[in-house]
Amino acid sequence: MGARQWEEARKTERREFMAGAGAAAFLAASGEAFAEKGAMSMHPPMYKALQDDCGHCVATANDCLRHCIGMLAMKDYSMTGCINTAYQVVAACGALQALAAVNSPAVPAFARATAEICAACQKECEKYPDVAECKACAASCKACSAECRRVAA
């Protein structure tokens, strides 16, 4: 293959590459737009705020549990009440988050019970305002409890 033929082959390869890349970009962009439009119009989340609040509550309660378990390891049993309520929040909010994600008809009833669990955890965590994990958990539980009550109403 001569230099001229090689150069022509490279130009052809570049054109084919650019055409393919352009087509791929177009398909990706139009596919995303179609997917967004389809997802928004088909089955929108009914409880998105609740789902998000529950997820945040689970995360902060797990942080609180980690701290409290560390205290237990140091033979400090003063936070056992916090462990109990934070564990219940993780279980209840995790379940409610999953139900909310699929627009379950059981969400309002389950949210009513979860609001009480979150309120109990908030009250317990507020006993430790100097512990960052407990302070964050109390704030998250307060927000989640309010959203649970709103959905349950």
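Residues numbered from 1 in each chain as written. Predicted model: local features only at pLDDT ≥ 70, side-chain atom pairs only at ≥ 80, totals over all residues. Heavy atoms only, no water.

Chemist: Pulling in residues and values, what's your account of the side chain of Ser 145?
Modeler: Along the chain, Ser 145 turns up in helix α5 (residues 132-152). Of the residues examined, Ser 145 reaches a relative accessible area of 2% and is grouped as buried. Side-chain polar atoms of Ser 145 contact the side chain of Arg 149, separated by 2.3 Å. Ignoring anything within four residues of it in the chain, the contact list for Ser 145 reads Ala 115, Cys 118 and Ala 119. (Helix = DSSP H or I, 4+ residues; strand = E, 2+ residues; numbered from the N terminus. Buried < 20%, exposed > 50% of the residue type's maximum accessible area, 1.4 Å probe, protein only. Polar contact = N/O pair within 3.5 Å; in protein donor to acceptor, adjacent residues only side chain to side chain. Contact = heavy atoms within 4.5 Å.)

Chemist: Talk me through the packing of helix α4 (residues 107-125) against α5; I want residue IDs and the actual numbers.
Modeler: Interhelical geometry of α4 versus α5 gives an angle of 155 degrees and a closest axis separation of 8 Å. With respect to their mutual orientation, α4 and α5 come out roughly antiparallel. Here the hand of the crossing between α4 and α5 comes out left-handed. Mapping the contact onto sequence places Val 107, Pro 108, Ala 111, Arg 112, Thr 114, Ala 115, Cys 118, Ala 119, Cys 121, Gln 122 and Cys 125 in α4 and Cys 134, Cys 137, Ala 138, Cys 141, Lys 142, Cys 144, Ser 145, Cys 148, Arg 149, Val 151 and Ala 152 in α5. (Axes fitted to C-alpha atoms, helices over the stretch in contact; angles between N-to-C directions. Parallel < 35°, antiparallel > 145°, perpendicular 65-115°, else oblique. Left-handed = near helix turned anticlockwise from the far one by under 90°.)

Chemist: Residue-level account of the packing of helix α2 (residues 48-73) against α5, with values.
Modeler: In contact at an axis separation of 8 Å, α2 and α5 are set at 150 degrees when each is read in the N-to-C sense. Taken together, the axes of α2 and α5 are roughly antiparallel relative to one another. Relative to α5, the crossing made by α2 is left-handed. Between α2 and α5, the contacting residues are Ala 49, Leu 50, Asp 53, Cys 54, His 56, Cys 57, Thr 60, Ala 61, Asp 63, Cys 64, Arg 66 and His 67 on the first element and Glu 133, Cys 134, Ala 136, Cys 137, Ser 140, Cys 141, Ala 143, Cys 144, Glu 147, Cys 148 and Val 151 on the second. Across the contact of α2 with α5, the residue classes break down as 14 nonpolar, four polar and five charged. (Nonpolar A, V, L, I, M, F, W, Y, C, P; charged D, E, K, R; others polar.)

Chemist: Report on α4, specifying residues and quantitative values.
Modeler: Three or four residues apart is the spacing at which side chains of an α-helix point the same way, because the helix has 3.6 residues per turn. End to end, α4 covers 25 Å across 19 residues, agreeing with the expected 27 Å (1.5 Å per residue, within 8%). Within α4, the full set of buried residues consists of Val 107, Ala 111, Thr 114, Ala 115, Cys 118, Cys 121, Gln 122, Glu 124 and Cys 125. Each element contacted by the buried residues of α4 is listed here: α2, α3 (80-101) and α5. (Expected span 1.5 Å × (residues − 1).)

Chemist: Let's hear about the nonpolar core: which residues, and what values?
Modeler: Core analysis: the biggest nonpolar cluster contains 34 residues, and Leu 50, Cys 82, Cys 93, Cys 125 and Cys 134 have the highest contact counts within it. Breaking this core down by element, the ones donating at least two residues are α2, α3, α4 and α5. With nine residues, the single largest contributor to this core is α2. Discounting chain neighbours no more than four positions away, the residues touching Leu 50 are Leu 96, Ala 100, Val 107, Glu 147, Cys 148 and Val 151. (Core = buried A, V, L, I, M, F, W, Y, C linked by side-chain atoms within 4.5 Å.)

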